[in-house]
Amino acid sequence: MASQEVLREEPSRGSFINDPRVRGIFYQAVVVVLLAVSVWWIVQNVIDNLTRLHIASGFGFLKGRAGFDISDSAIAYTSDSTYGRAIVVGFINTIIVAVAGIVTATLIGFIVGIGRLSRNWLIRKICTVYVEIFRNIPPLLVIFFWYSGVLSVLPAPRDSINLPFGSFLNQRGFYFPRAVWGDGSWLIPVALIVGIAMAWFVARMARQRQMATGQQFPVFWTSVALIVGLPLLAYVLSGFPLSFDFPKQSTFNLTGGFQVKPEFLSLYLALSCYTAAFIAEIVRAGIVGVSKGQTEAAGALGLRPGSILRLVVVPQAMRIVIPPLTSQYLNLTKNSSLAIAIGYPDLTATAGTVLNQTGQAVEGVLIMMVVYLALSLVTSAIMNVVNARMALVER
């Protein structure tokens, strides 16, 4: 019996609109066209308005004379400086308060976060109250609290509070001895950099040795000796070139020394305390996220509670802590723009003054946006590198 060939009819594909791939391309094309039209409309509207108001576009105004003073500048600046230099001053001030705030907030946050898990009832409750207070208050109110409620009620300069190491605290800020660098003093910072590099190398070699043999090396004290000892040795060999200008109390003011103005102090303390409350919760969640079996296993090996926390729990918790910690660093940097409320000359304040005097609103806002975007991207990149080094590596 001859076999019969069975013919199968291919099913009809129907309309191309029913094809998911075609629909996806169509919708994406529509979105791109709408975005392009929106951007074109905004740009054209801005150009028409600038033309109607007879405002020239471009960044040539940055070379013009600023004509205003800045109360707190880390670089040389006068009213005869350019608008561009005024913006640079604000940019540097933003970086200073952001870096100082990040370091302080991290230290306070870790201490409070660990304290939230303390077995001591008093410490645990104090840390809880701290977190609940600062986490539920707007950062601007925290800034006003430090500026108007704490620093402004300090004594006048003639009644300044005497602090250790020849420092003073009053309504006009914090005064402390200013370093005066003489000839050959460049050896001291070079020795400090070399000491830090050698301490990092010793820590790395000690870790490799411990992984290979199990023997520990006194990394902490060795690092302290290198970081402190080498600059001291350079200080002696260069002929003691470093001296200090101590602030002196007079009838109406203090002379000499270095002054940290109350605007910076209030912004720095407010951002540090506010952000530390969120970091504390992140640290607490990271520690809780570590398996309890890790702590029990370390205790079974005879480790003390402090060593268990430092060597076992915290290193594993960091893998959980670092990603959300990045967001808090970004928030602190962007919250520094609230400095304009108390007169601290950060980027927003100086660029805003330039904007008001020149009328270059588009360029001024664009500069601020680009700078804050760059700071955020750099911070994220650094934290991504740290996160990659802390991540588990599969073998």
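Residues numbered from 1 in each chain as written. Predicted model: local features only at pLDDT ≥ 70, side-chain atom pairs only at ≥ 80, totals over all residues. Heavy atoms only, no water.

1. A short note on the UniProt feature "transmembrane region" (unreviewed entry) in the protein
At step 1: According to UniProt, the "transmembrane region" (unreviewed entry) feature falls on residues 25-43, 87-112, 133-154, 186-206, 218-244, 264-287, 308-326 and 365-386.
At step 2: Overall, residues 133-154 shows 73% helix and 0% strand. The separation of its end C-alpha atoms is 23 Å.
At step 3: Strand forms 0% of residues 186-206 and helix 95%; the C-alpha atoms that close the span are 30 Å apart. (UniProt positions renumbered as here; feature names shortened; annotations may be inferred. Helix = DSSP H or I, 4+ residues; strand = E, 2+ residues; numbered from the N terminus.)

2. Some points on a nonpolar patch on the surface
At step 1: Judged by side-chain polarity, Leu192, Ile196, Phe220, Trp221, Val224, Ile227, Val228 and Leu232 come together as a nonpolar surface patch covering roughly 770 Å² of accessible area.
At step 2: For the nonpolar patch, the secondary-structure elements that each account for two or more residues are helix H5 (187-213) and helix H6 (219-237).
At step 3: Position of Val228 among the secondary structure elements: in helix H6.
At step 4: Taking the relative accessible area as the measure of exposure, Val228 reaches 44% and is therefore partly exposed. (Patch = residues over 30% accessible without salt bridge, like charges linked within 9 Å, V, L, I, M, F, W, Y side chains within 5 Å. Areas by Shrake-Rupley, 256 points an atom, 1.4 Å probe, with all protein chains shown as cover. Salt bridge = Lys/Arg side-chain N within 4 Å of Asp/Glu carboxyl O. Buried < 20%, exposed > 50% of the residue type's maximum accessible area, 1.4 Å probe, protein only.)

3. Focus on the domain arrangement of the protein
At step 1: We note that the domain assignment places domain 1 (4-52) and domain 2 (83-156 + 263-390) within the protein.
At step 2: Using C-alpha coordinates to define each centre, domain 1 is positioned 44 Å away from domain 2. (Domains from an automatic or database assignment.)

4. Thoughts on the side chain of Ser272
At step 1: If you trace the backbone, Ser272 turns up in helix H7 (residues 262-288).
At step 2: With sequence-adjacent residues up to four places away left out, Ser272 is seen in contact with Ala100, Gly101, Thr104 and Ala105. (Contact = heavy atoms within 4.5 Å.)

5. Examining the packing of aromatic side chains
At step 1: One pass over the structure, following the stated rule, counts 11 aromatic pairs.
At step 2: With centroids separated by 6.4 Å and ring planes inclined at 50°, the aromatic side chains of Phe68 and Tyr77 adopt a geometry described as tilted. (Phe/Tyr/Trp six-rings, centres within 6.5 Å; stacked < 30°, edge-to-face > 60°.)

6. Examining the pattern of salt bridges
Side chains that differ in sign of charge can pair as their charged atoms come close.
At step 1: The tally for this structure, following the rule as stated, stands at 6 salt bridges.
At step 2: Among the ionic pairs, Arg65 bridges to Asp80, the shortest N-O distance being 2.8 Å. With Arg65 in the loop between helix H1 (20-52) and helix H2 (83-115) and Asp80 in the loop between H1 and H2, this residue pair connects regions lying 15 residues apart in the sequence.
At step 3: Among the ionic pairs, Arg116 bridges to Glu281, the shortest N-O distance being 2.8 Å. Remark: Glu281 occurs in helix H7 and Arg116 occurs in the loop between H2 and helix H3 (121-135); sequence separation between them is 165 residues.
At step 4: Classification of Arg116 as buried rests on a relative accessible area of 14%.
At step 5: Exposure remark for Glu281: the relative accessible area of 14% places this residue in the buried category.
At step 6: Linked by salt bridges that have partners in common, Arg116, Glu132, Arg135, Glu281 and Arg284 make up one network.

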